[in-house]
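Analysis of the macromolecular model
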Amino acid sequence: MLWKSLIALCVIGAALAEQTPVFLWGANSVTKPSLKTVPQAEFAEQLATLLEDHMVVAFEENGLSNKDFLCSNSQAQSCYAQLQGVSPKTYYTSVENPSEALRSVAARREHNSIDASGKLTTPAKCSAGTALFVSFEDAAETREASLESHDAAIAAISKQFECKVAYLYLAAPSTAPAVQRRTRRDTAATTGGFIWHASNQFQIFYTALLYNGQAVEVQSMAVTNSSTPLSKFSVQLTTTDANKPITFDVLYNGGYFSLSNLVYDGSNFRTTGVNAPTTFSYSCGNLTLESTAVNNMYNTLSFKSLQLQAPFDGTYKENFAFGDSWDCVGFVTPGILMGLFVVALLLVIMFVGVCWMMDINTMDRFDDPKGKTITINAAAE
């Protein structure tokens, strides 16, 4: 029975192993016969050697097969026009679990993705010994168009790294966990309001600006850099009253930009929560900021239909389009919290009731059948 179980486990393991094609370029590698499957352990040893002095970037394509490399577009041209010109390059028709092999030998692993515009969602730094796994956010309707756009994106991204890099183009594991991301909301319309640009550094849009309920008119915007390398700059919105500009700082930290030190008319306003990833634009239908208390009095500064973005990326064009909206309304609202509280209260009541019902027992004492019978006299009145 033991040997039968071992055979069954081996058969199941062989069935679960994924054998997919791998295209490797940017570094010299050992060629293998086309009809032979490269074992996972052998491929992992080869990648471990590359990681000693290379960074390995693995582009994971959903459902990649050998048939995809024969893809051609409507003009009878290969879908991989860019990858055809790379060298040195090696093509493996069948490799056992290539993604898992890379994960097993890489001490430092990073994950990234390519958006619909063909750019990495977060900047990547070149570092030898690091394995970078890159997935695609598909936007094309056909398989041919999708592969062709991915080929162009791979070619553009591979030119951004300046150190020694080995590239892999392989199939995404079918068992890979789905990447959890915050839902991107549609970009707010930038019409019917005021928009101010500062080259490719900062941009803000709103439909109305109110100070204690009174309209404030902005005439111009100026940006002043305050650090090198750039991680902070100051913004000044000049109003009709030149002596009362709106000033605030924009900070960059950990891939997010945030507002701080907002001052107007001698009052400091709280900007807690005004932040977003640099690839997104902060959006809020009605943002009301309160000042610190002065003689128990508070001032308010309100932006209607506010949208702003600070990319902190020199590759952006001037007067760039806003990125996807990072809305000021969180996923957990007071209404949701109240609903969860009511559900929790009902569950507690039900739990207590069930416990009481389970605690009901039968009588443990009865009349003695051999003793005197209990007699109850009932007399009519």
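Our subject in this report is the structure included herewith. Values in this document were obtained by computation on a predicted structure and should not be read as measured data.

What to know about the overall build of the protein
Looking only at helices and strands, the protein features five helices and 19 strands. A buried classification covers 34% of the 381 residues belonging to the protein. Contacts spanning at least 24 positions in sequence make up 62% of the contacts within the protein whose residues lie at least 6 apart. Accessible area of the protein: about 23400 Å², with a carbon and sulfur share of 56%.

Focus: the pairing of strand β12 (residues 232-239)
Two faces, one strand: in a regular strand the side chains alternate between the faces of the sheet. Burial of the side chains of β12 is restricted to one face: Phe233, Val235, Leu237 and Thr239 are buried, whereas none of Lys232, Ser234, Gln236 and Thr238 on the reverse face is. Note that β12 and strand β13 (residues 246-253) share six bridges and pair antiparallel. Bridge assignment links Phe233 to a residue of β13, and that residue is Val250. Connecting β12 to the antiparallel partner β13 that follows it, the hairpin turn spans six residues.

Details of the environment of Val57
You can see Val57 is positioned in strand β2 (residues 55-61). Remark: the alpha-carbon pair of Val57 and Tyr167, spanning 110 residues in sequence, is separated by 4.9 Å. Beyond its immediate chain neighbours, meaning those up to four positions away, Val57 contacts Leu132, Val134, Phe161, Val165, Ala166, Tyr167 and Leu168.

Describing the nonpolar core
Formed by 34 residues in total, the largest nonpolar core has its most connected members in Phe202, Phe248, Val250 and Tyr282. The contacts of Phe248, once residues within four sequence positions are left out, are Phe202, Phe233, Ser234, Val235, Leu237, Leu259, Ser260, Asn261 and Leu262. Counting residues in hydrophobic clusters, the runner-up holds 25 residues, among them Met55, Cys79, Val86 and Leu147.

Brief notes about the state of the cysteines
Two cysteines form a disulfide when their sulfur atoms are joined by a covalent bond. Enumeration over the complete set of coordinates arrives at three disulfides. Each sulfur in the disulfide pair Cys71 and Cys79 lies 2.0 Å from the other. Residues Cys71 and Cys79 are joined through a disulfide that is left-handed, its torsion about the S-S bond being -45 degrees. Ordinal numbering of bonded cysteines along the protein defines a disulfide pattern of 1-2, 3-4, 5-6.

Thoughts on a nonpolar patch on the surface
Among the surface-exposed residues, Phe341, Val342, Leu345, Leu346 and Ile349 lie close enough to one another that they form a single nonpolar patch of about 510 Å² accessible area. For Phe341, the location among the structural elements is in helix α5 (residues 334-358). Of the residues examined, Phe341 reaches a relative accessible area of 57% and is grouped as exposed.

Side note on the pattern of salt bridges
In total, this model carries seven salt bridges according to the counting rule given. Here Arg103 and Glu60 are joined by a salt bridge, their closest N and O atoms 3.7 Å apart. With Arg103 in helix α3 (residues 98-105) and Glu60 in strand β2, this pair connects stretches of sequence that are 43 residues apart. Of the residues examined, Arg103 reaches a relative accessible area of 21% and is grouped as partly exposed. Salt-bridge contacts for Asp68 lead to Arg143; the nearest nitrogen and oxygen are separated by 2.8 Å.

Some details on the side chain of Thr121
Assignment of secondary structure puts Thr121 in the loop between β4 (108-114) and β5 (130-136). One polar contact links Thr121 to Asn112, side chain to side chain, over a distance of 3.0 Å.

Each value, and the rule that gives it
- Per chain, the residues get numbers from 1 upward, laid out in the order the sequence is written.
- Given that the model is predicted, a residue must reach a pLDDT of at least 70 before its local features are reported, and side-chain atom pairs must reach 80 or more before they are shown or counted; all residues, however, enter totals for whole chains, interfaces and linings.
- Neither water nor hydrogens contribute to the side-chain values; these are computed over all heavy atoms in the structure.
- Where helices and strands are cited, they refer to DSSP runs of H or I of at least four residues and of E of at least two residues respectively, numbered from the N terminus.
- For every residue, the accessible area obtained with a 1.4 Å probe (protein chains only) is divided by the maximum for its type, and the residue is called buried under 20%, exposed over 50%, and partly exposed between those limits.
- Note on contacts: a residue pair is in contact if any heavy atoms of the two residues lie within 4.5 Å.
- Each accessible area is a Shrake-Rupley estimate made with a 1.4 Å probe; only the visible protein chains count as cover when residues are assessed.
- In this analysis, strands are considered paired if DSSP registers two or more bridges between them.
- Residues grouped as a nonpolar core are buried Ala, Val, Leu, Ile, Met, Phe, Trp, Tyr and Cys residues, joined through side-chain atoms within 4.5 Å.
- A pair of cysteine sulfur atoms is labelled a disulfide when the two atoms are within 2.5 Å.
- Patch definition: residues with relative accessible area over 30% and no salt bridge; like charges joined within 9 Å; nonpolar side chains (Val, Leu, Ile, Met, Phe, Trp, Tyr) joined within 5 Å.
- In the sections that follow, a salt bridge refers to a side-chain nitrogen of Lys or Arg positioned within 4 Å of a carboxyl oxygen of Asp or Glu.
- Pairing of N or O atoms within 3.5 Å defines a polar contact, subject to two protein rules: one partner must be a possible hydrogen donor and the other a possible acceptor, and residues neighboring in sequence count only if both atoms are side-chain atoms.

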